[in-house]
Amino acid sequence: MPRFDEIWELELRRREEAGRLRRLRAVERPAESRIREGGRLLVDFSSNDYLGLSRHPALAERAALFAGRWGTGSGASRLVTGNLEPLEALERKVARAKGAEAALVLASGWQANASVLAALLDPRTLPGEPLVFADELCHASMRQGCKTARARVLSYRHLDLDHLESLLRAHAAHAGPRFVLSETVFSMDGDRADVPGLIELADRYGAFLYLDDAHAVGVLGEDGYGLAGGEALRAGLVVGTFGKALGAFGAFVACSRRLRDFLVNRCSGIVYSTALPPPVIGAADAAWDLVPALDAERKRLHENARHLRARLSAAGVDVGRSSTQIVPAILGSDERAIRVATALREAGFLGLPIRPPTVPEGTSRIRLSASAHHQLAEIDRLVDALVAAL
Ligand SMILES: Cc1ncc(COP(=O)(O)O)c(C=O)c1O
């Protein structure tokens, strides 16, 4: 047996016994919101490609154009082989749309959160020990950034700004800088943070506000560019991604010019990682240009999401506080979530069971994401199948 394989095997067996073994599945994606798995065509309710942009010809065309002009790879980090003009142009567009002085593109949302937060919270640069106040459901990548910096993190109850304020007040005497972390739209719950409320609290307590807008960019906010910009940027920064509604890959940080310069020097995800490849920059660039013109698609998406939420709620299924295209069917136990997901598959739908540690214990769920390409009749059939399985 190859070295240490018995150790890895033991953990795999443990996970299997707990019913929490994850597996990669081979699939094909023949069309928007369709997935073929094991020879079966399923209606996909699992993807973050909410508008179907990953199959939009404008993205494929610009990806091919940029590949032809600048090659398929970037060769090294932007600090080594240089900064391609299309990447700078994309950053200018993102900064303009977000009302920021500057933007910085990174390889992925995970990498952005994990490496930007590690840089911001580095006690060697700060005037004192940082103290982080994070919504308890913040994404794992944000937790990773805090962990890397070994920062002290106080979690406040999900979306509960009174609790956040009580923690800020209780630690008002803390000498080091304070950071407040939240998503704008929460990835597993589809509910929204009170962004103006967060800005107000960050201002009152002099805290840096770090907002992850990953699931809002492309689908919510003015012109579809997300829920945080302008005012939020006075108090801190906003992260967004190109890999979800924008149908491409990569991420951005919208921030001040000085903070961008700081990150170019101190963020390991920039310094030690190869820049996004030109075709990916091309796809992200084309998607960014398309966003303001996609009102009809966004309208359809939100109508579909509203219909899905209403049908599930009417059937007595707990959808939490979802008010977006992400609609959790919260079922409780792992077993229940797995049983329902299996039944959905039998009925021709892909809706994946999400279990701890991705969500809190006792809240296993089917995370359903609506698409602008779903038909109302498909949503009805999905809900019927889900309710029948329960
Ligand atoms: C809120 C949030 N932030 C960041 C990420 C990571 O983004 P990416 O998939 O681009 O690495 C995700 C995706 O899972 C997410 O849901």
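Residues numbered from 1 in each chain as written. Predicted model: local features only at pLDDT ≥ 70, side-chain atom pairs only at ≥ 80, totals over all residues. Heavy atoms only, no water.

Chemist: I would appreciate a short explanation of helix α14 (residues 334–346) in the present structure.
Modeler: Because the α-helix completes a turn every 3.6 residues, residues three or four places apart line up on one side. Along its 13 residues, α14 runs 18 Å from first to last C-alpha, staying within 8% of the 18 Å computed at 1.5 Å per residue. Taken residue by residue, α14 has Asp-334, Ala-337, Val-340, Ala-341 and Leu-344 as its buried positions. The arc that holds every buried residue of α14, seen down its axis, measures 135°, which confines them to one face. Opposite the packed face of α14, turned more than 90 degrees from it, sit the exposed residues Glu-335 and Glu-346. Of the surrounding elements, those touching the buried residues of α14 are β11 (326–332), β12 (349–350), β13 (352–354), β14 (364–369) and α15 (376–389). Backbone geometry just downstream of α14 places Gly-348 in the positive-phi region, at approximately 100°. (Helix = DSSP H or I, 4+ residues; strand = E, 2+ residues; numbered from the N terminus. Expected span 1.5 Å × (residues − 1). Buried < 20%, exposed > 50% of the residue type's maximum accessible area, 1.4 Å probe, protein only. Arc of directions from axis to C-beta. Contact = heavy atoms within 4.5 Å.)

Chemist: Please explain the packing of α14 against α15 as it appears in this structure.
Modeler: A pair of packed helices is characterised by two quantities: the angle between their axes and the separation of those axes. As a packed pair, α14 and α15 sit with axes 9 Å apart at the nearest point and diverge in direction by 135°. As the angle between them shows, α14 and α15 are arranged oblique. The element α14 and its partner α15 pack so that their crossing is right-handed. Only Leu-382, Ala-385, Leu-386 and Ala-389 of α15 make contact with α14, whose side of the interface consists of Arg-339, Val-340, Ala-343 and Leu-344. Residues of the contact of α14 with α15, tallied by class, amount to seven nonpolar, no polar and one charged. (Axes fitted to C-alpha atoms, helices over the stretch in contact; angles between N-to-C directions. Parallel < 35°, antiparallel > 145°, perpendicular 65-115°, else oblique. Left-handed = near helix turned anticlockwise from the far one by under 90°. Nonpolar A, V, L, I, M, F, W, Y, C, P; charged D, E, K, R; others polar.)

Chemist: Explain helix α12 (residues 278–290) to me, please; I cannot follow it from the model alone.
Modeler: Along its 13 residues, α12 runs 18 Å from first to last C-alpha, staying within 8% of the 18 Å computed at 1.5 Å per residue. Of all 13 residues in α12, 12 are buried; the element is thus mostly enclosed. Every buried residue belonging to α12 is among Pro-278, Pro-279, Val-280, Ile-281, Gly-282, Ala-283, Ala-284, Asp-285, Ala-286, Ala-287, Trp-288 and Leu-290, and all of these are buried. If you follow the buried residues of α12, they end up packed against α2 (57–70), α4 (85–98) and β10 (251–255).

Chemist: What am I meant to see in empty space enclosed by the protein here?
Modeler: To find the voids left in a structure, one rolls a probe of water-molecule size over its atoms. The final tally for this structure, using the stated rule, is two cavities of 30 Å³ or more. By volume, the largest cavity is sized at about 90 Å³. Around the largest cavity, the lining comprises 13 residues; the ones closest to its centre are Arg-78, Val-105, Thr-274, Ala-275 and Leu-276. Residues of the lining of the largest cavity, tallied by class, amount to seven nonpolar, five polar and one charged. Quantified by volume, the second largest cavity comes out at close to 30 Å³. Asp-135, Tyr-156, Leu-159, Leu-161, Ser-182, Ala-193, Asp-194 and Leu-198 together form the lining of the second largest cavity. A class-by-class count of the residues in the lining of the second largest cavity yields five nonpolar, one polar and two charged. (1 Å grid on protein atoms, 1.4 Å probe; cavity = no way out; pocket = protein on both sides within 12 Å on 5 of 7 lines; lining within 4 Å. Points joined across faces, edges and corners; volume = space filled by probe spheres on them.)

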